[in-house]
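Chain and residue survey
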Amino acid sequence: SKEQGRNRFHYFTASMQEAAQTKMHLINDLRSALANEEFQLHYQPIIELATGTVQKAEALLRWKHPLRGMISPLEFIPVAEETGLIIDIGNWVFHEAARQTQRWRQQHQPGFQLSVNTSPLQLRADTNSLERWRRSLKSVGLPGNALAIEITESLLMDASFAKRLVAIHAMGVEVSLDDFGTGYSSMSYLKKFDIDYLKIDKSFVANLRPGSSDLAICEAVIVMAHKLGIMVIAEGIETLEQQNLLRAMGCDFGQGYLFSHPVPAAIFEQLFEARSKP
Ligand code: C2E
Ligand code: CA
Ligand code: CA
Ligand code: CA
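Going by an unreviewed UniProt entry, the protein carries the name Diguanylate cyclase and comes from Marinobacterium aestuarii.

Now the structure itself:
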């Protein structure tokens, strides 16, 4: 009826208003989060599958909101991107990652490498990010190859990225192609861009079974990457079977809950002892 329709309409606008308000609050709180030191990095080990040792880790951003507690990056990264706050946040992530890596290289493992997620916006617009990163590396006293940045396929479609990639490699920083297979993957990008690592998306790892199509896809990706001189990291490994299948196919590195969830720095340090090179 007309009555119902009107009610539904009221209900709809009310919830829309609520959503808009929630987002406004989020934006306001996000603006002050950096200054209030509410961000922290968690670390998830990246395991060399042939030896089972920790060679690398991925830094994952966490926001500890004073009232709401931990907020997922899936919720606040898109808002940070919309508002442009992602640039300052991304630069903070890079600097913090550099600082932590320098400490762990000195105290635990000289060859340790940390990878950081990078929003396409950070490397697209006329931001000063590369210069900021160069300064971070210098002030911390860290060689560029101690860090890798994780980018997504969308960035490879950007005409100006080729130039930035050269500048990134000139700093020594390595580049990892994240979520491989989920975007607009095109083999031609792999030919055109000098990528160091390719991360097989967890959606291909989740249903890995002998004879499965995902197994065929993973195997083909690994063979192709290796022929192109690219190393492969499989993400989202949760079971021993997945680990064993990937190792048997020659996948170089693995990451997932089977080894560890992303954890705070103090907890991550214990992994160096538990999973160190013989
Ligand atoms: P991502 O880069 O694909 O990161 C992997 C996500 O998978 C992480 O979620 C991680 O906790 C989760 N994960 C790890 N192992 C497993 C597993 O075995 N099974 C399953 N199901 N999931 C696993 P998280 O930490 O919630 O991060 C979500 C996304 O937020 C990231 O996806 C990344 O796109 C973004 N993000 C996180 N930190 C940053 C950052 O510092 N900067 C930017 N720009 N984006 C970030
Ligand atoms: Ca990532
Ligand atoms: Ca990923
Ligand atoms: Ca290469």
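Having put the structure on the table, let's press on.
Turning our eyes to something else, we now look at the pattern of salt bridges. Scanning all chains against the criterion turns up seven salt bridges. With a shortest N-O distance of 2.4 Å, Arg-134 and Glu-131 are connected by a salt bridge. Placement of the pair is Arg-134 and Glu-131 together in helix H5 (residues 129–140), with a separation of three residues, close to one helical turn. Look at Arg-134 and you get partly exposed, because its relative accessible area is 38%.

This next bit is on the packing of helix H3 (residues 86–107) against helix H12 (residues 265–274). In the contact formed by H3 and H12, the axes pass within 12 Å of each other and the chain directions differ by 35°. Crossing of H3 against H12: the hand is right-handed. Within the contact between the two elements, H3 uses Gln-100, Arg-103 and Trp-104 and H12 uses Ala-265, Phe-268, Glu-269 and Phe-272. A per-class count over the contact of H3 with H12 returns four nonpolar, one polar and two charged.

Taken as a whole and assessed by the stated rule, the structure comprises 16 aromatic pairs. Ring centres of Trp-104 and Phe-112 lie 5.7 Å apart, and the angle between their planes is 85°; on these two criteria the pair is classed as edge-to-face. Within the aromatic cluster, the residues linked to one another by ring pairs are Tyr-43, Trp-104, Phe-112, Phe-268 and Phe-272.

The next thing to look at is the site of ligand 1. The full set close to ligand 1 counts 20 residues, and Gln-44, Arg-62, Asn-117, Glu-238 and Tyr-257 are the nearest of them. Separating a nitrogen atom of ligand 1 from a side-chain N or O atom of Gln-44 is a distance of 2.9 Å. Tyr-257 places a main-chain nitrogen or oxygen 2.8 Å from an oxygen atom of ligand 1. Calculation on ligand 1 without its partners gives an accessible area of 810 Å², and the protein chains cover 82% of this total. When residues of the shell around ligand 1 are traced back to their parent elements, those giving at least two are strand S2 (53–65), helix H2 (73–83) and strand S6 (174–180). A total of four residues in the shell around ligand 1 trace back to one element, the largest contributor, which is S2. Here the shell around ligand 1 is composed, by residue class, of nine nonpolar, five polar and six charged.

One non-glycine residue, Glu-37, adopts positive backbone phi at about 55°. Structurally, Glu-37 is set in the loop between helix H1 (2–33) and strand S1 (39–48). The class of Glu-37 is exposed, set by a relative accessible area of 70%. One non-glycine residue, Asp-179, lies in the positive phi region at around 50°. One can find Asp-179 in strand S6. For Asp-179, a relative accessible area of 25% puts it in the partly exposed group.

About the cut-offs
Residues numbered from 1 in each chain as written. Chains lettered and ligands numbered in written order. Predicted model: local features only at pLDDT ≥ 70, side-chain atom pairs only at ≥ 80, totals over all residues. Heavy atoms only, no water. Salt bridge = Lys/Arg side-chain N within 4 Å of Asp/Glu carboxyl O. Helix = DSSP H or I, 4+ residues; strand = E, 2+ residues; numbered from the N terminus. Buried < 20%, exposed > 50% of the residue type's maximum accessible area, 1.4 Å probe, protein only. Axes fitted to C-alpha atoms, helices over the stretch in contact; angles between N-to-C directions. Left-handed = near helix turned anticlockwise from the far one by under 90°. Contact = heavy atoms within 4.5 Å. Nonpolar A, V, L, I, M, F, W, Y, C, P; charged D, E, K, R; others polar. Phe/Tyr/Trp six-rings, centres within 6.5 Å; stacked < 30°, edge-to-face > 60°. Near = heavy atom within 4 Å. Polar contact = N/O pair within 3.5 Å; in protein donor to acceptor, adjacent residues only side chain to side chain. Areas by Shrake-Rupley, 256 points an atom, 1.4 Å probe, with all protein chains shown as cover.

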